[in-house]
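Summary of the model geometry
This is what each chain is made of:
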Amino acid sequence: MVVADLETSLAFGLAGSSFFLVALALASRLMAGLYARFGAGLILVYGSVGASVALALLAFVQSAWQYAGCFLGLGVAGAAALSSSANTLLAEHAEKDAKRPIIAVMLGSGLSSSIGLPIMAALVEHLGWRGAVVVFALANLAICLPLHLFAMHLVRSRRLPSPAAEKAPEVHTPTGRQRALLRLLIVAVSAIGFVTWGFAVVIVELLRSYGLTDSTAIWLSALIGVIQFGARLLEFVFAPNVQATRSAIVAAMLFPFSFLALLVLNGLPGAAFFVILFGAASGIMSVARATIPLELFDPELYGVMTARLVLPMNLAFAAAPFVFGAILESNGPIPAAGLAVLVALFAPITLRRAAYPASD
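Owing to the predicted nature of the structure, the values given are computational and were not obtained by experimental measurement.

**Points about the overall build of the protein**
The helix and strand inventory of the protein stands at 16 helices and 0 strands. Residue burial in the protein is summarised as follows: out of 360 residues, 49% are buried. Contacts in the protein between residues far apart in sequence, at least 24 positions, make up 83% of those at least 6 positions apart.

So, in structure tokens, the structure goes:
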């Protein structure tokens, strides 16, 4: 619908998510200084306003390049309004005890696509894609902005130390050891992100290539979100005090096994094992990715380190669908799964190197 309306190619239309991710990655690198100066709460508020403006403008675009510009704007707003800023606000509020609230927030958002996609489909059917975008822009102002304002004032009312106060110089000067830990974390998280985002886009086509029917492939793909949510819930209830680095190492080791299941087993059994292991691993890893900086670094460094982590991570996210899509289209599923195994093996190795010095 969007492609026909703007008279552009399907590839360019689908590239909106890549424009978004690249802009989000580049803008996230600037967030550390803004967190230190203004606090994450105010950044969330401005991000909500910016996202609403970008969505409203998207509803009125008349060309493909205007469409791309709106997604770039959404990426900049997303750097301010999405999980990195929310998690930084929780770290400002709860410091080392922020892991459990971060997991709780991720649980709340875990089924967002399962809820949001049917709503979006219904809106598009009745209002067209432009009308649906306007509704989301207004919903962002009516729901997200008040919640972000409330969260900002809640943290300020607790009279927590301001990130812009005496700790600001420390926030901007991590030690050499901390920078080395961050580099290891970047390698691990980017490797896993490359694999998870690459397969998230091509997973239905991947399962089809193993001989599954369209309906079975779609049904199994949809189960991944449910399994991710279940893994987060189990960790929240039964393992709230387990170190995030340990959880991440376990999750990272599951990824290669999930792809090996595709390589070794055929048809539905291999696809089922893949979905279970991949869903559980990605659910646990998404929580660990947000909470590991709380363990490896001081709480006041959380926003700085997270902002530095997001840039390479999201660039890997943006590149992955193109790489795996091209391999799957030209060479089939086995080379794609083989590349995923090789890339995923970097994660547990680097996470182990980062975790054990931190626990000395």
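**Focus on the confidence of the model for the protein**
With 89% of its residues at a pLDDT of 70 or more, the protein shows a mean pLDDT of 80. Put simply, helix H9 (residues 168-171) is where the protein has its lowest mean pLDDT, 44, and helix H4 (residues 40-58) is where it has its highest, 92.

**Describing a nonpolar patch on the surface**
A surface patch of nonpolar side chains, about 750 Å² in accessible area, is lined by Met-253, Phe-257, Leu-260, Leu-263, Val-264, Leu-265, Phe-273 and Ile-334. Of the residues forming the nonpolar patch, the biggest block, 5 residues, is contributed by helix H12 (residues 244-264). Take Phe-273: it is sitting in helix H13 (residues 267-296).

**A closer look at the packing of helix H3 (residues 16-38) against helix H5 (residues 64-81)**
The geometry of a pair of packed helices is captured by two quantities: the angle between their axes and the separation between those axes. At their nearest, the axes of H3 and H5 sit 6 Å apart, and the two run at 35° to each other. Where H3 crosses over H5, the two elements pack in a sense that is right-handed. Here H3 contributes Gly-16, Phe-19, Phe-20, Ala-23, Leu-24, Ala-27, Ser-28, Met-31 and Tyr-35 to the contact with H5, which in turn contributes Tyr-67, Ala-68, Phe-71, Leu-72, Leu-74, Gly-75, Val-76, Gly-78, Ala-79 and Ala-80. The class makeup of the residues in the contact of H3 with H5 is 15 nonpolar, 4 polar and no charged.

**Brief notes about the nonpolar core**
Core analysis: the biggest nonpolar cluster contains 74 residues, and Leu-207, Phe-255, Phe-259, Phe-274, Met-285, Ile-292 and Leu-351 have the highest contact counts within it. One finds Leu-6, Val-61, Phe-71 and Val-133 within the second-largest nonpolar core, a separate group that totals 16 residues.

**Concerning the packing of helix H7 (residues 99-109) against helix H11 (residues 214-238)**
Contact geometry for H7 and H11: axes closest at 10 Å, N-to-C directions at 150°. Between H7 and H11, the angle is such that the two are roughly antiparallel. Crossing angle aside, the handedness with which H7 passes H11 is left-handed. Across the interface between the two elements, Lys-99, Arg-100, Ile-103, Ala-104, Met-106 and Leu-107 of H7 pack against Phe-229, Arg-232, Leu-233, Glu-235 and Phe-236 of H11. Residues of the contact of H7 with H11, tallied by class, amount to 7 nonpolar, no polar and 4 charged.

**Observations concerning helix H15 (residues 333-344)**
For H15, spanning 12 residues, the distance from its first C-alpha to its last is 16 Å, which sits close to the expected 16 Å at 1.5 Å a residue. For H15, the complete set of buried residues consists of Pro-333, Ala-336, Ala-337, Ala-340, Val-341, Val-343 and Ala-344.

**Points about the environment of Gly-33**
Here Gly-33 is to be found in helix H3. Judged by its relative accessible area of 31%, Gly-33 is partly exposed. Along the backbone, Gly-33 and Val-304 are 271 residues apart, and their C-alpha atoms lie at a distance of 7.5 Å.

**Focus: H4**
In an α-helix, one full turn covers 3.6 residues, which means residues spaced three or four apart are oriented alike. For H4, which comprises 19 residues, the first-to-last C-alpha distance of 26 Å matches the rise-based estimate of 27 Å (1.5 Å per residue) to within 8%. Taken together, the buried positions of H4 are occupied by Ala-40, Gly-41, Ile-43, Leu-44, Val-45, Gly-47, Ser-48, Ala-51, Ser-52, Ala-54, Leu-55 and Leu-58.

**A closer look at the packing of aromatic side chains**
Counted according to the given criterion, the structure contains 3 aromatic pairs. Taken together through their ring pairs, the aromatic side chains of Phe-255, Phe-274 and Phe-278 make up a single cluster. Taking NZ or CZ as reference, Arg-100 lies 4.1 Å from the ring centre of Phe-236, over its face.

**A short note on the side chain of Asn-140**
Topologically, Asn-140 is positioned in helix H8 (residues 112-157). Setting aside anything within four residues of it in sequence, one finds Asn-140 in contact with Ser-48, Ala-51, Ser-52 and Leu-145.

**Let's talk about the environment of Leu-141**
Its location among the elements puts Leu-141 in helix H8. For the pair Leu-141 and Val-53, spaced 88 residues apart in sequence, the C-alpha to C-alpha distance is 9.5 Å. With sequence-adjacent residues up to four places away left out, Leu-141 is seen in contact with Ser-52 and Pro-146.

**Considering the environment of Leu-89**
Counting through the fold element by element, Leu-89 comes out in helix H6 (residues 83-94). Residue class for Leu-89 comes out buried when judged on its relative accessible area of 6%. The sequence separation of Leu-89 and Ile-43 amounts to 46 residues, and the corresponding C-alpha distance is 9.5 Å. Every residue in contact with Leu-89, bar those within four places of it in the chain, is listed here: Ala-40, Gly-41, Leu-44, Ala-151 and Val-155.

The rules we used
- Residues numbered from 1 in each chain as written.
- Predicted model: local features only at pLDDT ≥ 70, side-chain atom pairs only at ≥ 80, totals over all residues.
- Heavy atoms only, no water.
- Helix = DSSP H or I, 4+ residues; strand = E, 2+ residues; numbered from the N terminus.
- Buried < 20%, exposed > 50% of the residue type's maximum accessible area, 1.4 Å probe, protein only.
- Contact = heavy atoms within 4.5 Å.
- pLDDT = per-residue confidence, 0-100.
- Patch = residues over 30% accessible without salt bridge, like charges linked within 9 Å, V, L, I, M, F, W, Y side chains within 5 Å.
- Areas by Shrake-Rupley, 256 points an atom, 1.4 Å probe, with all protein chains shown as cover.
- Salt bridge = Lys/Arg side-chain N within 4 Å of Asp/Glu carboxyl O.
- Axes fitted to C-alpha atoms, helices over the stretch in contact; angles between N-to-C directions.
- Left-handed = near helix turned anticlockwise from the far one by under 90°.
- Nonpolar A, V, L, I, M, F, W, Y, C, P; charged D, E, K, R; others polar.
- Core = buried A, V, L, I, M, F, W, Y, C linked by side-chain atoms within 4.5 Å.
- Parallel < 35°, antiparallel > 145°, perpendicular 65-115°, else oblique.
- Expected span 1.5 Å × (residues − 1).
- Phe/Tyr/Trp six-rings, centres within 6.5 Å; stacked < 30°, edge-to-face > 60°.
- Lys NZ or Arg CZ within 6 Å of the ring centre and 35° of its normal.

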